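Observations on chain architecture
Okay, here's what each chain looks like letter by letter:
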Amino acid sequence: MDKFLIQGGQKLEGEVRISGAKNAALPLLAATILADSPIRISNMPNLRDVNTLVKLIAGLGVAIEYAGDTVTADTSTLNNQFAPYDLVKTMRASILVLGPLVARYGEAKVSLPGGCAIGSRPVDQHLKALEALGAHIEVENGYVHAKVDGRLKGGEVIFDMVTVGGTENILMAATLADGVTTIRNAAREPEITDLANMLIKMGAKIEGLDTDTLVVTGVESLHGCDYAVVADRIETGSYLAAAAITGGRVRTTHTDPALLECILDKFEEMGAEVTRGEDWIELDMQGKRPKAVSFRTLPHPDFPTDMQAQIMAVNAIGRGFATISETIFENRFMHVPELSRMGANIQVEGNDAVVTGVEKLSAAPVMATDLRASFSLVLAALAAEGETLIDRIYHIDRGYEHIEAKLQGIGAKIKRVSG
Ligand code: EPZ
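Throughout what follows, the structure given in this document is the object of discussion.

Ranked by size, the top nonpolar core spans 148 residues in total, and within it Leu 98, Leu 171, Leu 199, Phe 267 and Ile 390 carry the most contacts. Residue contributions to this core peak at nine residues, all from helix H12 (residues 371–383). Not counting the four nearest positions on each side in its chain, Leu 199 is found in contact with Ala 31, Leu 34, Leu 171, Met 172, Thr 175, Ala 204, Ile 206 and Leu 222.

The following block contains the structure:
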């Protein structure tokens, strides 16, 4: 099992090119199922999760190619609507093929995604929304079997809580429904707007982008198009955090400041100097120790849960103390015991954590538990004195493209060791 060996203590300086967003790439790939002519998606990040979904879509009989940073798909050879457990269990966002398959082919059999380290992550809202559009849903033997005679019917969908995947699934399904669908309490993450923009390019009729109410007027069919995946706001924030925690200066390029204003505000609250360009962001910590900052994770446009672990790591060496509340997932503090092994002072009470900054973290062998927790351990190792060994880094390969090269490019002493 691969590990990272990181020699900490360097101020990181330099430029990082940001990749396409994992959490946009996955729904965009699922949406290829809706196109009745070839579709091309570029700026696709080469990640394990992306490759898993490409494999699952190929298993449907779709002619799908992934070359360089571009995926091309032609659904004319699609010959089944079955998403098997062995693929879905490794990448739970596979559930996003359910809506497109039912909407276009009238039937789908998709494995229920397991839970994952950060929570049970049920999909009840996805199923409730599809039923509101007339799908008949049966769940047995760990599979969701969804069917509709003829087309889905436009209707009213009201989510009990803000769900990114639920919003994406029903948005895709509604594009081919007969009539108008109103989606209330919709998630507003930029990745949903990116999906909506591609669906519109394919001929869909969607209003209310960036709001919590989406109105979709169904059409008979959607055609292919050329599209580029939006920049990854979480990857951007993660590399800017590397500058904040080491007192360095990092410029992230091929990104968009508008995607992560809430995070940039927090970096400024820490005392960092943040400069925004049209497609770049520079964070200069000027050799200073950041001030610890408090926050609650909430749906976009508030503080994203996917940046919680990374900012907690920065807080661990921050001045003063801060309170972090995780309101989205029930078990997203698994990086805490690992950070504590490195000398962090963090007290957890339920979904609240109080971080009291320490001058220096110390190197220790630690273990990655989930994607974003892995990056928080990398951040801590970059700031710690000595050599840190991080185990189970297969988690990080799910969401950070070329991570060693990107970190080495800004001066980090990191290498991947196997065994
Ligand atoms: C997406 O997951 C992201 N993944 C997650 O990123 C992100 O943390 C999450 O949204 C929240 O922003 C992708 O986009 C591939 P949700 P998703 O449905 O869609 C509950 C990362 O690190 N819920 O918005 O699965 C759920 O349990 C990953 O890149 C239900 O109860 O998240 C959670 O508590 C991690 N029933 C909350 O809602 C449902 O049917 C938000 O989940 C659906 C969700």
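Let us now look at the site of the ligand. Close contacts around the ligand come from 24 residues, with Gln 125, Thr 163, Val 164, Asp 306 and Ile 328 the closest. Note that an oxygen atom of the ligand is positioned 2.7 Å from one of the side-chain N or O atoms of Thr 163. Compared with its free state, where it exposes 830 Å², the ligand has 87% of that area covered by protein. When the residues that make up the shell around the ligand are grouped by side-chain class, the tally is eleven nonpolar, six polar and seven charged.

Here Cys 262 lies in helix H9 (residues 261–270). Accessibility expressed as a relative area gives 22% for Cys 262, which makes it partly exposed. When the C-alpha atoms of Cys 262 and His 300 are compared, they prove to be 8.9 Å apart, with 38 residues separating the residues in sequence. Leave out the neighbours within four places in its chain, and Cys 262 touches Pro 301, Asp 302 and Phe 303.

Quick look at the packing of helix H10 (residues 308–316) against H12 now. Interaxial distance between H10 and H12 falls to 7 Å at its minimum, and their mutual angle equals 20°. If you check the angle between H10 and H12, you find them roughly parallel. Of the two possible hands of crossing, H10 and H12 adopt the one that is right-handed. Contact residues: H10 offers Ala 309, Gln 310 and Ala 313, while H12 offers Arg 372, Ala 373, Phe 375, Ser 376 and Leu 379. Class assignment for the residues of the contact of H10 with H12 results in five nonpolar, two polar and one charged.

Attention now goes to the sheet that holds strand E22 (residues 366–367). Pairing between the strands of a sheet comes from backbone hydrogen bonds, and it takes one of two forms, parallel or antiparallel. What the four strands build is an open sheet, ordered E22-E23-E1-E24; its pairing is mixed. Single-partner strands in this sheet number two, and they are E22 and strand E24 (413–417). As defined by bridge partners, E22 adjoins strand E23 (residues 387–391) across two bridges and the pair is classed as parallel. The residue of E23 that forms the bridge with Val 366 is Ile 390.

Our next topic: empty space enclosed by the protein. Taken as a whole and judged by the stated rule, the model has two cavities of 30 Å³ or more. By volume, the largest cavity is sized at about 60 Å³. Arg 233, Ile 234, Leu 259, Leu 260, Cys 262, Ile 263, His 300, Pro 301, Asp 302 and Pro 304 together form the lining of the largest cavity. Here the residues of the lining of the largest cavity sort into seven nonpolar, one polar and two charged.

Another point: the packing of aromatic side chains. Evaluation of the coordinates by the stated rule reveals four aromatic pairs. A ring pair is formed by Phe 82 and Tyr 143, whose centres lie 5.4 Å apart and whose planes are at 20°; its orientation type is stacked. Remark: Tyr 143 occurs in strand E9 (residues 143–147) and Phe 82 occurs in strand E6 (residues 82–83); sequence separation between them is 61 residues. For Phe 82, a relative accessible area of 35% corresponds to the partly exposed category. The class of Tyr 143 is buried, set by a relative accessible area of 15%. Here the aromatic residues Tyr 239, Phe 375 and Tyr 400 are joined through ring pairs into a cluster of three or more.

Scoring rules and cut-offs
Residues numbered from 1 in each chain as written. Predicted model: local features only at pLDDT ≥ 70, side-chain atom pairs only at ≥ 80, totals over all residues. Heavy atoms only, no water. Core = buried A, V, L, I, M, F, W, Y, C linked by side-chain atoms within 4.5 Å. Buried < 20%, exposed > 50% of the residue type's maximum accessible area, 1.4 Å probe, protein only. Helix = DSSP H or I, 4+ residues; strand = E, 2+ residues; numbered from the N terminus. Contact = heavy atoms within 4.5 Å. Near = heavy atom within 4 Å. Polar contact = N/O pair within 3.5 Å; in protein donor to acceptor, adjacent residues only side chain to side chain. Areas by Shrake-Rupley, 256 points an atom, 1.4 Å probe, with all protein chains shown as cover. Nonpolar A, V, L, I, M, F, W, Y, C, P; charged D, E, K, R; others polar. Axes fitted to C-alpha atoms, helices over the stretch in contact; angles between N-to-C directions. Parallel < 35°, antiparallel > 145°, perpendicular 65-115°, else oblique. Left-handed = near helix turned anticlockwise from the far one by under 90°. Pairing = 2+ DSSP bridges. 1 Å grid on protein atoms, 1.4 Å probe; cavity = no way out; pocket = protein on both sides within 12 Å on 5 of 7 lines; lining within 4 Å. Points joined across faces, edges and corners; volume = space filled by probe spheres on them. Phe/Tyr/Trp six-rings, centres within 6.5 Å; stacked < 30°, edge-to-face > 60°.

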